[in-house]
Amino acid sequence: MFEISDFNGEKNSNHILEEYYVNCISNALKRIHFGGSAYQSKLLDFDVSYQNVTSLNDIESLPFTTKADFQDNYPYGLFAVPTSEVIRIHSSSGTKSKPKIVGYTKNDIRNWGALVLRCLMMHGLSKEDIVLNSFGYGVFTGGLGLQLGVEASGATLIPASTGKTAKQIDLLRDLGATVLLSTPSFAMHLSDESEKLNFDIAKSPLRLGFMGAEPWPDNMKSQIEKRLGIKAVNIYGLSEIMGPGVGIEDPDDSNSLILWGDHFYVEIVNEKGELVPDGCYGELVITSFLKEAIPLIRYRTGDITRIIKRNGLYGVWVERIASRSDDMLIVKGVNIFPSQVGAVLCNYSDLSPYYLLEIERRGFSDNVILNVELARGKHNLERSHVYNVSENLKKYLKDELGIYIDVKMYNPGVLERFTSKRQTVNDKRENAGSGYIV
Ligand code: ADP
């Protein structure tokens, strides 16, 4: 196995890059071919043979793998190795569909740990750190996946998992945690709950956070950094490809994620599945060619982004993920992403970042209600002031999103909190329309 330092900058001529990807991807196809799985049958249906992949053009004409392939071949149909070689099973959290079952061989687990380690060390995790891991343990990839990297670093791990916020605050305070691993939603919730207990996390030794599993706008990141007194780093991943650690924030540019080029082949496509030029938005497509248990060919992640730059096998820089195609709501014929609403809210100091969008059909028309809370400590605001904020927000939303959204204001702490991925939409329409925007 090569080291990432062997592949840096200009040393990667296009030729070497092409050879690397062609070799790795045809090897992955070979493993699928001899694995005898349902995946192999699909590739045969498309007339794909590992012997015929000899150039990047060949790679870019391979068929896509989609979430539907996981569903159609549930649970083991995509595995390229027998279960006797699989040492771990995980499952996606099933945000939008039936959970997807994924497996790992010994090498897969080793590679996963190595990539998570890269992500953490790149932002200064060291063996002196005490790490509170508040990602979910169990079948989800977050908890155990990040644990692999933390343990490899020699830092001290506290496997707290999700929930029981008061206990987590005790652990954080009493054990002197210096690093937090959690969803951004949980980081906000932790801060709210600590304040109620008169514990100021910003004054604790906590200095660094790795956060992901859901979109979080830049202004939410700055709020978290301020409230917890930390540097908050964006970490990206998805179970189908590996889990957390597929990508990490560039230390010099908080708006971009580095996706590891030595493990993943990265493309961006439009709705029709055509490649779009670098810089244009589209759906992120990843091929995980080194994965042994489930190598995925051209997997349509559903995540929307654009390529910012490439640096050979070091990686591909993409814009932070603000939305996924299956989050998109079509309301009164207008396409909106809930994350756009979240980003608007972060501009109001009188409002909290917690919200719930409710969509219902009244007669032939869609009606959208934004339930939102006043920020902590703002429950005593004058009624007239709250009214003005609400009217201003409606206008802002109309200007930003192009549709009228009714706003309902609540006192701080009323809306449901989530200790793992948050839910921001309750679409009560029958056959609720959601689709793909780019
Ligand atoms: P799912 O949510 O699809 O059931 P996972 O639990 O594996 O499956 O979550 C993976 C998804 O979570 C990604 O495809 C992406 O939509 C979202 N995600 C993960 N990390 C981030 C991040 N840092 N920023 C935005 N979205 C993220």
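Higher on the page you've got the structure.
Only a predicted model underlies this, so the values are computations on that prediction, with no experimental measurement involved. Sequence order as written defines the numbering, with residues in each chain counted from 1. Only residues with pLDDT of 70 or above have their local features reported here, since the model is predicted, and side-chain atom pairs are shown and tallied only from 80 upward, although totals for entire chains, interfaces and linings are computed over all residues. As a rule here, side-chain values come from all non-hydrogen atoms in the structure, and water together with hydrogens is ignored.

This part covers the pairing of strand E5 (residues 179-182). Remark: exposure states derive from per-residue accessible area (1.4 Å probe, protein chains only) relative to the maximum for the residue type, with buried under 20%, exposed over 50%, and partly exposed in between. Here a strand is any run of E in DSSP of at least two residues, a helix any run of H or I of at least four, and the numbering for each starts at the N terminus. Side chains Val 179 and Leu 181 project from E5 onto one buried face, and the interleaved Leu 180 and Ser 182 project onto a second face that is buried too. Two strands make a pair as long as DSSP finds a minimum of two bridges between them. Sheet analysis places E5 next to strand E6 (residues 208-212), joined by four bridges and oriented parallel. Counted as the bridge partner of Val 179 is Leu 208 from E6. Each parallel crossover has a hand, and the one from E5 via helix H8 (residues 184-196) to E6 is right-handed. For a crossover, the right-handed case is the one in which the path from the first strand over the helix to the second runs clockwise, viewed with the strands pointing away from the viewer.

All right, on to the sheet that holds strand E12 (residues 296-305) then. On the basis of which strands lie adjacent, the open sheet formed by four strands has the order E10-E11-E12-E15 and antiparallel pairing. Looking at which strands have only one partner, the edges of the open sheet turn out to be strand E10 (264-269) and strand E15 (323-324). By the bridge criterion, six bridges tie E10 to strand E11 (residues 282-288) in an arrangement that is antiparallel. Directly across from Val 269, in E11, lies its bridge partner Glu 283.

Now for the layout of surface pockets. Take a probe with the size of a water molecule and roll it over the atoms, and the empty space left behind shows itself. Computed from the structure, the second largest pocket encloses a volume of approximately 410 Å³. Sorting the residues of the lining of the second largest pocket by element identifies H8, helix H9 (218-228), strand E18 (351-362) and strand E19 (365-374) as the ones contributing at least two each. By residue number, the principal contributor to the lining of the second largest pocket is H8, which donates five residues. Here the lining of the second largest pocket is built from residues that sort into seven nonpolar, five polar and ten charged. Using only the protein atoms, space was sampled on a 1 Å grid; points where a 1.4 Å probe fits but cannot get out form cavities, open sets with protein on both sides within 12 Å along at least five of seven lines form pockets, and lining residues are those with an atom within 4 Å of a point. Grid points are joined across faces, edges and corners, and a volume is the space filled by probe spheres set on the points. Under the grouping applied here, Gly and all other residues not named as nonpolar or charged are polar, the nonpolar ones being Ala, Val, Leu, Ile, Met, Phe, Trp, Tyr, Cys and Pro and the charged ones Asp, Glu, Lys and Arg.

As a further point, take the pairing of E11. Burial of E11 is extensive: seven of the seven residues sit out of reach of the surface. Summarising the sheet, E11 and E12 pair through five bridges and their orientation is antiparallel. Note that in E12 the partner of Ser 288 across the bridge is Leu 296.

The next thing to look at is the side chain of His 189. Position of His 189 relative to the elements: it lies in helix H8. By relative accessible area, which is 9% here, His 189 ends up buried. In protein, a polar contact means a hydrogen-donor-capable atom and an acceptor-capable atom, both N or O and within 3.5 Å, with residues adjacent in sequence counting only if both atoms are side-chain atoms; elsewhere, any N or O pair within 3.5 Å suffices. At 3.3 Å, the side chain of His 189 forms a polar contact with the side chain of Thr 165. When checking whether two residues touch, look at their non-hydrogen atoms; a contact exists if any pair is within 4.5 Å. Ignoring sequence-local partners within four residues, the contact set of His 189 consists of Thr 165, Tyr 354, Arg 417 and Thr 419.

Spatially, E20-E19-E18-E21 is the arrangement adopted by the four strands of the open sheet, whose pairing is mixed. Every interior strand has two partners, whereas the edge strands, strand E20 (406-410) and strand E21 (425-427), have only one. Neighbour-to-neighbour, the strand axes of the sheet open up by a mean angle of 15°, direction not taken into account. Of the strand pairs in this sheet, E19 and E20 are connected by five bridges, and their pairing is parallel. Looking at the pairing, Ile 369 lines up with Asp 406 of E20. Lines are fitted to the C-alpha atoms to define the axes, a helix being fitted only along its stretch in contact, and any angle between axes, read from their N-to-C directions, falls within 0 to 180 degrees.

Okay, the environment of Met 188 next. Within the secondary structure, Met 188 is located in helix H8. Setting aside residues no more than four positions away along its own chain, Met 188 makes contact with Met 220, Gln 223, Ile 224, Arg 227, Pro 353 and Tyr 354.

Along helix H2 (residues 38-45), the residues classified as buried are Tyr 39, Gln 40, Lys 42 and Leu 43. In an axial view of H2, the angular spread of the buried residues amounts to 160°, which keeps them on one side of the axis. Along its buried surface, H2 packs onto helix H1 (14-35), helix H4 (67-72) and E12. At the exit of H2 stands Asp 47, carrying a positive phi of roughly 65°. Here, the arc refers to the directions that run from the helix axis to the C-beta atoms.

This part takes up the packing of helix H7 (residues 165-174) against H8. Contact geometry of H7 with H8 gives a least axis separation of 10 Å together with a crossing angle of 80°. Classified by the interaxial angle, the pair formed by H7 and H8 is roughly perpendicular. Between H7, through Thr 165, Gln 168, Ile 169 and Leu 172, and H8, the contact on the second element is made entirely by Phe 186, His 189, Leu 190, Glu 193 and Ser 194. Looking at the contact of H7 with H8 residue by residue, the class counts come to four nonpolar, four polar and one charged. Here is the rule for angles: anything less than 35 degrees is roughly parallel, anything more than 145 is roughly antiparallel, 65 through 115 is roughly perpendicular, and the remaining ranges are oblique.

The values are spatial; any link to function lies outside them.
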